[in-house]
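Spelled out from the first residue to the last, the chains are:
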Amino acid sequence: MSQHSVIRRVTAPDIRARKGGDKIVSLTCYHAHTARLVDPHMDFLLVGDSLGMVMHGLETTVPVPLDMMIMHGAAVVRGSRHALVVVDMPFGSYEESPAIAFRNAARVMKETGCGAVKLEGGARMAETVAFLTQRGIPVMAHIGLTPQSVNMMGGFKTQGRRQEEWAAIEADAAAVAEAGAFAVVLEGMAELLAAKITRAIPIPTIGIGASAECDGQILVLEDMLGLSPTVPKFVKKFAELGAAIEDAVKDYATEVRARAFPAKDHVYAMAKPAGEKPRVTKMSKTKPN
């Protein structure tokens, strides 16, 4: 392979170095096919535990098992070449102790080939973030609306809309930055608070329902493509593929029932019997001029 044909993957230090620079672009991704489509345009791909809701019909991310994250993470790594792949640590795989978090995160890194993991929680998870990063595992943090805590929050509720809530959330951001996280996702957060945190901490902030001032943005791929039946307020639909897919499926069903598909162009002719000599066409004799 030519040295010029090798594509260098984005790394966690590359993302960290983008603080205050060019905007960081990201989407969630759950399988190899979509990874191939979006990879050239992304700085990192997040294999989010949102896949439990988007792909498997779960009501929350809480039931998602570690094996499911590993399976989808490996597929995204196989389907991509350029973007950093970050895999979510699912609920129950990292909270018990830093040592257990390391064991499970190391398994994710080894079995998927990803370049980093993401875990939810601010100050309460700072010790774990430090433990992992000191042992060679890049960590992206996640604060604000943390979906794995939906049962404690009483639903998917925007954070920081009252100023008395700001101090705790700002402390979370400072704690994960100091612990060694290379970036932090700010989800479902009042715009002014997200902007303030972005200016205050030395690592990139990745907004989702936060602020345009964040160092980067992320959305769920299926949400922004118009494939999800309902989406949060912060989602802009950049396409309406759901309607296009439904139209295509309807046309397919109509053609099958009308016996119009498959047509001649979509079936295979019989092979010629073995040993059969090709026919030779005699050339007609022509009279000389």
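In this text the structure is predicted, and so the values were computed from the model without any measurement.

### Here's the deal with the overall build of the chain
1) Next: Scanning the chain for helices and strands turns up 11 helices and 8 strands.
2) Next: Over its C-alpha atoms the chain spans a radius of gyration of 25 Å, topping by over 25% the 19 Å that the globule rule assigns to 289 residues.
3) Next: A total of 289 residues make up the chain; the buried ones form 46% of that total.
4) Next: Sequence separation of at least 24 residues holds for 58% of the intrachain contacts in the chain that already meet a minimum separation of 6.

### Here's the deal with the environment of Ser-149
1) Next: With respect to the helices, strands and loops of the structure, Ser-149 is situated in the loop between β5 (139-144) and α7 (150-153).
2) Next: Separated by 58 residues in sequence, Ser-149 and Phe-91 have C-alpha atoms that sit 8.8 Å apart.

### Describing the packing of helix α6 (residues 126-133) against helix α8 (residues 166-179)
1) Next: Viewed as axis vectors pointing N to C, α6 and α8 meet at an angle of 20°, and their least axial separation amounts to 8 Å. In this view, α6 runs roughly parallel relative to α8, as classed from their interaxial angle. Like other packed secondary-structure pairs, α6 and α8 cross with a definite hand, here right-handed. Residue-level inspection shows Ala-126, Val-129, Ala-130 and Thr-133 of α6 in contact with α8, the latter providing Ala-175, Val-176 and Ala-179.
2) Next: Residue composition of the contact of α6 with α8, by class: 6 nonpolar, 1 polar and no charged.

### Some words on the packing of aromatic side chains
1) Next: Counted under the stated rule, the structure contains 2 aromatic pairs.
2) Next: Taking 6.5 Å as the distance between ring centres and 75° as the angle between the ring planes, the aromatic pair formed by Phe-102 and Phe-131 counts as edge-to-face. Residue Phe-102 is found in helix α5 (residues 98-112), and its partner Phe-131 is found in helix α6; the two are separated by 29 residues along the sequence.
3) Next: On the basis of relative accessibility, which here comes to 27%, the residue Phe-102 falls in the partly exposed class.
4) Next: Between Tyr-252 and Phe-261, the ring centres sit 6.0 Å apart and the planes meet at 65°, which makes this aromatic pair edge-to-face.
5) Next: Take Phe-261: its relative accessible area is 33%, and that puts it in the partly exposed class.
6) Next: Positioned above the aromatic ring of Phe-131, the side-chain terminus of Arg-135 is 3.5 Å from the ring centre.

### Structural notes on the pairing of strand β8 (residues 216-219)
Side-chain direction in a regular strand flips from residue to residue, so the side chains alternate between the two faces of the sheet.
1) Next: As defined by bridge partners, strand β1 (residues 24-28) adjoins β8 across 4 bridges and the pair is classed as parallel. The residue of β8 that forms the bridge with Val-25 is Gln-217.
2) Next: Summarising the sheet, strand β7 (residues 205-208) and β8 pair through 2 bridges and their orientation is parallel. Pairing of Ile-206 across the sheet is with Gly-216, part of β8.

### Description of unusual backbone geometry
1) Next: Omega for the bond connecting Phe-261 with Pro-262 falls within 30 degrees of zero, at 5°, which places this linkage in the cis form.
2) Next: Of note, Pro-262 is situated in the segment after α11 (241-257).
3) Next: At Arg-259, a residue that is not glycine, the phi angle is positive and equals roughly 60°.
4) Next: When you line up the elements, Arg-259 lands in the segment after α11.
5) Next: Take Arg-259: its relative accessible area is 76%, and that puts it in the exposed class.

### Some details on a negative patch on the surface
1) Next: A contiguous patch of negative charge, built from Glu-246, Asp-247, Asp-251 and Glu-255, is present on the exposed surface.
2) Next: Topologically, Asp-251 is positioned in helix α11.
3) Next: The class of Asp-251 is partly exposed, set by a relative accessible area of 49%.

### Details of the pattern of salt bridges
1) Next: For the structure on display, the rule yields 8 salt bridges.
2) Next: For Arg-107, the salt bridge goes to Asp-67, with nearest N and O atoms at 2.6 Å. Pair noted here: Arg-107 is in helix α5 and Asp-67 is in helix α4 (residues 66-79), with a separation of 40 residues, a long-range link.
3) Next: Judged by relative accessible area, which is 30%, Arg-107 ranks as partly exposed.
4) Next: When its relative accessible area of 47% is taken as the criterion, Asp-67 is described as partly exposed.
5) Next: Counted as one network, the salt bridges with shared partners bring together Asp-67, Arg-107 and Glu-111.

### Quick word on α8
1) Next: With 14 residues, α8 ought to run about 20 Å at 1.5 Å a step, and its terminal C-alpha atoms sit 20 Å apart, in line with that.
2) Next: If you check which residues of α8 are buried, you get Trp-166, Ile-169, Ala-173, Ala-175, Val-176, Ala-177 and Ala-179.
3) Next: Buried residues belonging to α8 abut α6, β5, β6 (183-187) and α9 (191-200).

### Comments concerning the side chain of Lys-118
1) Next: Looking at where Lys-118 falls in the secondary structure, it is placed in strand β4 (residues 116-120).
2) Next: The exposure class of Lys-118 is buried, given its relative accessible area of 2%.
3) Next: If sequence neighbours within four positions are ignored, Lys-118 has contacts with Leu-46, Val-86, Val-87, Asp-88, Met-89, Met-140, Ala-141, His-142 and Val-185.

Conventions used here
- Residues numbered from 1 in each chain as written.
- Predicted model: local features only at pLDDT ≥ 70, side-chain atom pairs only at ≥ 80, totals over all residues.
- Heavy atoms only, no water.
- Helix = DSSP H or I, 4+ residues; strand = E, 2+ residues; numbered from the N terminus.
- Rg over C-alpha atoms; globule rule 2.2 N^0.38 Å.
- Buried < 20%, exposed > 50% of the residue type's maximum accessible area, 1.4 Å probe, protein only.
- Contact = heavy atoms within 4.5 Å.
- Axes fitted to C-alpha atoms, helices over the stretch in contact; angles between N-to-C directions.
- Parallel < 35°, antiparallel > 145°, perpendicular 65-115°, else oblique.
- Left-handed = near helix turned anticlockwise from the far one by under 90°.
- Nonpolar A, V, L, I, M, F, W, Y, C, P; charged D, E, K, R; others polar.
- Phe/Tyr/Trp six-rings, centres within 6.5 Å; stacked < 30°, edge-to-face > 60°.
- Lys NZ or Arg CZ within 6 Å of the ring centre and 35° of its normal.
- Pairing = 2+ DSSP bridges.
- Patch = residues over 30% accessible without salt bridge, like charges linked within 9 Å, V, L, I, M, F, W, Y side chains within 5 Å.
- Areas by Shrake-Rupley, 256 points an atom, 1.4 Å probe, with all protein chains shown as cover.
- Salt bridge = Lys/Arg side-chain N within 4 Å of Asp/Glu carboxyl O.
- Lys, Arg positive; Asp, Glu negative; His and termini not counted.
- Charge placed at Lys NZ, Arg CZ, Asp CG, Glu CD.
- Expected span 1.5 Å × (residues − 1).

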